[in-house]
Amino acid sequence: MLKAVYFYAGNPQQQKAPMFEQDDDNQRFFSLSQELLCIAGFDGYFKKLNGVWEKTLGYSLDELLAKPFIEFVHPDDQEISQNLVTKLVIGHNTSAFENRMLCKDGTVRWILWSTVSVVKDQLLYASGRDITERKKAEQELRLHTERFERLINAAPALIWQSGVDKLCTWFNETWLDFTGRSIQQ
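If you're wondering where the values come from, they're calculated on a predicted model, not measured in any experiment. (Residues numbered from 1 in each chain as written. Predicted model: local features only at pLDDT ≥ 70, side-chain atom pairs only at ≥ 80, totals over all residues. Heavy atoms only, no water.)

Draft legend 1. Local environment of helix α4 (residues 78-88). Every buried residue of α4 is listed here: Q78, S81, Q82, L84, V85 and L88. Along the long axis of α4, the arc covered by the buried residues comes to 155°, so they all point the same way. Packing partners of the buried residues in α4 comprise β3 (94-102), β4 (108-118) and β5 (123-130). (Buried < 20%, exposed > 50% of the residue type's maximum accessible area, 1.4 Å probe, protein only. Helix = DSSP H or I, 4+ residues; strand = E, 2+ residues; numbered from the N terminus. Arc of directions from axis to C-beta. Contact = heavy atoms within 4.5 Å.)

Draft legend 2. Inspection of the pairing of β5 at higher detail. Of the strand pairs in this sheet, strand β1 (residues 36-41) and β5 are connected by six bridges, and their pairing is antiparallel. Counted as the bridge partner of A40 is L124 from β5. By the bridge criterion, eight bridges tie β4 to β5 in an arrangement that is antiparallel. In the strand pairing of β5, T115 is matched with A126. Remark: four residues form the turn of the hairpin made by β4 and β5, two consecutive strands paired antiparallel; Q122 in that turn has positive phi of roughly 55°. (Pairing = 2+ DSSP bridges.)

Have a look at this one:
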């Protein structure tokens, strides 16, 4: 059972981040990014989001700001995400953390996060990149590779692979059976 770790006692909607009195340049810059940008409090709530959130997850900004951010994380990723938040609130930063976020339409998006913690302000500044298509491509490549290896291992021919240095790097099962060797040899 996931137990959230929050460090703010009081109404989360009343806690204001010092950066929110922004000038027009900062607001334009924040809105310009194609990444998911957010400022979140140690209380577990988003404080500021750019419009990419609405396009990516399908929730309005008001919906996203109204609930703890962990509620938008896929249930299977909530524990590892909460463990990361626990590290962030004591000053650790991260530059490559992946988790799955829940979309309003029931789909799931993979997000790659970079996060900086500002302990004195009790804020997390994060940038997230939607890597869902990359994850799908990696899975498809894995499936094709497994299928290819099964096909090659079932072939009644001696098949091996060597590098430009002419050292063999892979052998099919028929080759290993024929020579009586193992892949480790």
